[in-house]
Amino acid sequence: MSGMAEEKKGASALTSSTKSATTRRSTSGAQSATRRKSTRSQKATKQTADFTHGEVPAPSIPVTDPAQFGRIAVMDITPHEEFGRYPARVELGEPFKVTAQVFIEGRTKVGATAVVRNHRGKEMQRLPMTCTNPGLDRWEVMLTCGERSDVKPWEDDFAAVKRQLGEWTVTIEGWEDTYKSWLHDADIKVKVGDSDTDNALKSGAQLLARWAKTTDSHLNAAQRKTLNDAAKTMDDESLTPKERLAAATSDAITELHVTNPLRDGISPSQPQRFLVQRPESSFAAWYQFFPRSEGAYVDPTTGKIVQGTLKTSVTGLERAKAEGFDIVYLPPIFPIGVTNRKGKNNTLVAGPDDPGSPFGIGSELGGHDTVDPLLGTMDDFKALVAKAHELGLEIALDFALQCSPDHPWVKAHPEWFRHKPDGTIAFAENPPKKYQDIYPIDFNADMPGIEKEVERILELWIAAGVTIFRVDNPHTKPVRFWQDVIAAVTKRHPEVLFLAEAFTRPGMMRALSYVGFTQSHCYFPWRNTKEELAEYFAETNGDDGYYQHNTFWPTTPDILTAYVRDNGIAGHCVRAVLAAMGSPSWGIYNGFELVENRQRPGFEEQIDNEKYEIKVRDWADANKYGIAAMLTSLNRIRREHKAAFSYHNLTVLETSDPSILAFARHTPAELTGTGKPETLIVVVNLDGHNAHQSTVHLELPDFDIDPAKGAHVRDELTGREFDWSWDNFVSLAPWADVAHIFTVVRD
């Protein structure tokens, strides 16, 4: 039994090895080498003496260099992009998956544990990992950093949330599973009546007794007694081998092996970094409207449109709230230039009543730091923000870093713009497209000066209550520029989020995510077939989701695809379901409720585009289509089953029909906060005109469903209930149900 004391010492080897490493570093070379040699000799002698009649447990080998292995090999931890230079990003309390290769030599069994520590180094979570691919030694686990919260940045309780934000770590601890290795061999020897069975059982008795005294297992008195009693039974030669072995395989000890295992040779990985961000950094529902259209009407006397204002925009806030959205996104609200102002449908010549594009920013009235007087004043904007906060809505403001020829910067800082050889400033071009009403900024002459000015402007709007900036075309500016600006702003305001409107090359989109863009527009509008969507959903909700948070928008003022154009009301509902359920973050551009789906000939955008004119809408017509009701239902389902939403827990399900897409979201019980698993199963008919039938395969154990019982599911859109098993029949007709959104009902 003297070996048990040595194992107790070994269980705390992580701490002792750290102290040992510190001691070695502070000792001179020759003396240090002599002492190490002496210490190793003493330890080897003691282990030999203590374990002459038993096996020596695997020690925890000190690691003094990141390239060194511990006693157990831990490799290829995911997520881990760009050599760990950029931490993975998760929302506070968002479930996420970590995987690693964990193995040891020979056929010895190993285990793995994931340990989550907050930015102060305090351990917050410790969970066992599961081996999902023994052939590749691949282990995985779902974790969370903290608990989810609905607290808004302007609320008093946000201070407690803010204290939890920052860089957390996840450490993978590999360890030898001595109990499992012993049990594998002992079970075989007992079954075949091996001549060495008695030694095997006595070895098991020693193991259980040692386990009972191991501090790392964190056993209480009752658990220690269970192990010691089992050890005594195994040592009792008056019992049959089967009876002795049964003592080591009882339900109580089997449970302890899961919850409080004996971990020999503990080998921690290098800590993996995770940037924990505030609520709605991942899970968010956006709603966009143009303030100048909100409340606009036709003057019966003149027949001309009277534009809306920030004051009349309250109706847009109320509509967003009624439909269940969290964030209201406003396009630029700054003065609009007059020179080269665009007319209706992007014509080059504006009429006398054309309001111009709000993206042609700046006039003699001011630039990015000024509210367009036609919309109101800064006080009006602050009042709108206050009303939004009263409704529980955040305000996201568009920040388009570009100028009209009339912008104050053109005169004050001509060096900020690219000049042609003839001395004139070059307007924006994307041949054959020309943007004569916009001067793009040239960052080569004075990027530090531009950064300082942009930071000043963002601070002004943050002081006015803006908590999110949607940045227009960030991919046309230097990545380093955004890295500097976002770092400076978020250092002072970690609650501020940035959305990148970047429909561009994957490398650039990823780089923008690395440097601080919390969310991103993406290719979702152009993914329409079953195969395209399945692939894109897996990409969005896989390892890429640790860095690039794709936000799914069915349409925007710039995008109206052929699918939305051609599939009518059903198509709008299909795209809404896919967006709301396919990504934790989604958005709607207003007018979607009114089936505004007429394309400008030759372009994938709406005719009579709101970017160039003021829209007068009759919102009473929304009741005719039912789309607003669908949006409201989708946001309700998302709120009620928030625990099911993560960028890391979506599984595409096998279906037999090419027009039926099915996928599931699943969060295990230990991470939901309710003690029960949370599972959503979404089945969508992608054909907006024809009915389709399909079987949907559900791998029951993957979703914590007992195959013997099956699953009882409830359709959250209709309230109907069904019993599901491995393979299930569905039938969806676009004139009745475009989709099922099932929740698995748990006892």
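Please read all numbers here as calculations on a predicted model, not as lab measurements. (Residues numbered from 1 in each chain as written. Predicted model: local features only at pLDDT ≥ 70, side-chain atom pairs only at ≥ 80, totals over all residues. Heavy atoms only, no water.)

Some remarks on the UniProt feature "active site" (unreviewed entry) in the protein chain
Argument step 1. Within the UniProt annotation, "active site" (unreviewed entry) is assigned to Asp472 and Glu501. Despite a sequence span of 30 residues, these residues sit close together in the fold, their greatest C-alpha distance being 5.2 Å.
Argument step 2. Assignment of secondary structure puts Asp472 in strand S20 (residues 468-472).
Argument step 3. By relative accessible area, Asp472 is classed as buried at 7%.
Argument step 4. Not counting the four nearest positions on each side in its chain, Asp472 is found in contact with Phe359, Asp398, Phe399, Ala400, Gln402, Lys477 and Glu501.
Argument step 5. A distance of 3.0 Å separates polar atoms of two side chains, one belonging to Asp472 and the other to Arg470.
Argument step 6. Mapping Glu501 onto the fold places it in strand S21 (residues 497-501).
Argument step 7. Excluding residues that lie within four positions of it along the chain, Glu501 makes contacts with Arg470, Val471, Asp472, Asn473, Pro474, His475, His521 and Asp558. (UniProt positions renumbered as here; feature names shortened; annotations may be inferred. Helix = DSSP H or I, 4+ residues; strand = E, 2+ residues; numbered from the N terminus. Buried < 20%, exposed > 50% of the residue type's maximum accessible area, 1.4 Å probe, protein only. Contact = heavy atoms within 4.5 Å. Polar contact = N/O pair within 3.5 Å; in protein donor to acceptor, adjacent residues only side chain to side chain.)

Here we look at the side chain of Ser149
Argument step 1. Positionally, Ser149 belongs in the loop between strand S7 (138-143) and helix H4 (158-162).
Argument step 2. At 3.1 Å, the side chain of Ser149 forms a polar contact with the backbone nitrogen of Val151.
Argument step 3. Filtering out sequence-adjacent residues up to four positions away, Ser149 remains in contact with Val161, Pro279 and Lys642.

Observations concerning the domain arrangement of the protein chain
Argument step 1. Examined at the domain level, the protein chain breaks down into domain 1 (73-177 + 266-277), domain 2 (180-262), domain 3 (284-642) and domain 4 (650-744).
Argument step 2. Counting from both sides, the interface comprises 26 residues of domain 3 and, opposite them, 25 residues of domain 4.
Argument step 3. At the boundary of domain 3 with domain 4, total buried surface from both sides reaches about 2000 Å², with 68% on carbon and sulfur atoms.
Argument step 4. Per-residue buried area on domain 3 facing domain 4 is highest for Lys530, Met581 and His641; these three make up 32% of the total on that side.
Argument step 5. A salt bridge links Glu716 to Arg636, with the shortest nitrogen-to-oxygen separation between them at 3.7 Å.
Argument step 6. Taken together, domain 3 and domain 4 are joined by 10 residue pairs in polar contact (both at pLDDT 80 or more).
Argument step 7. Broken down by element, the residue count for the side of domain 3 that touches domain 4 peaks at 7 residues, all from helix H18 (residues 568-582).
Argument step 8. Classifying every residue of the side of domain 3 that touches domain 4 by side-chain character gives 14 nonpolar, 8 polar and 4 charged. (Domains from an automatic or database assignment. Buried area = accessible area lost by both parts, 1.4 Å probe. Salt bridge = Lys/Arg side-chain N within 4 Å of Asp/Glu carboxyl O. Nonpolar A, V, L, I, M, F, W, Y, C, P; charged D, E, K, R; others polar.)

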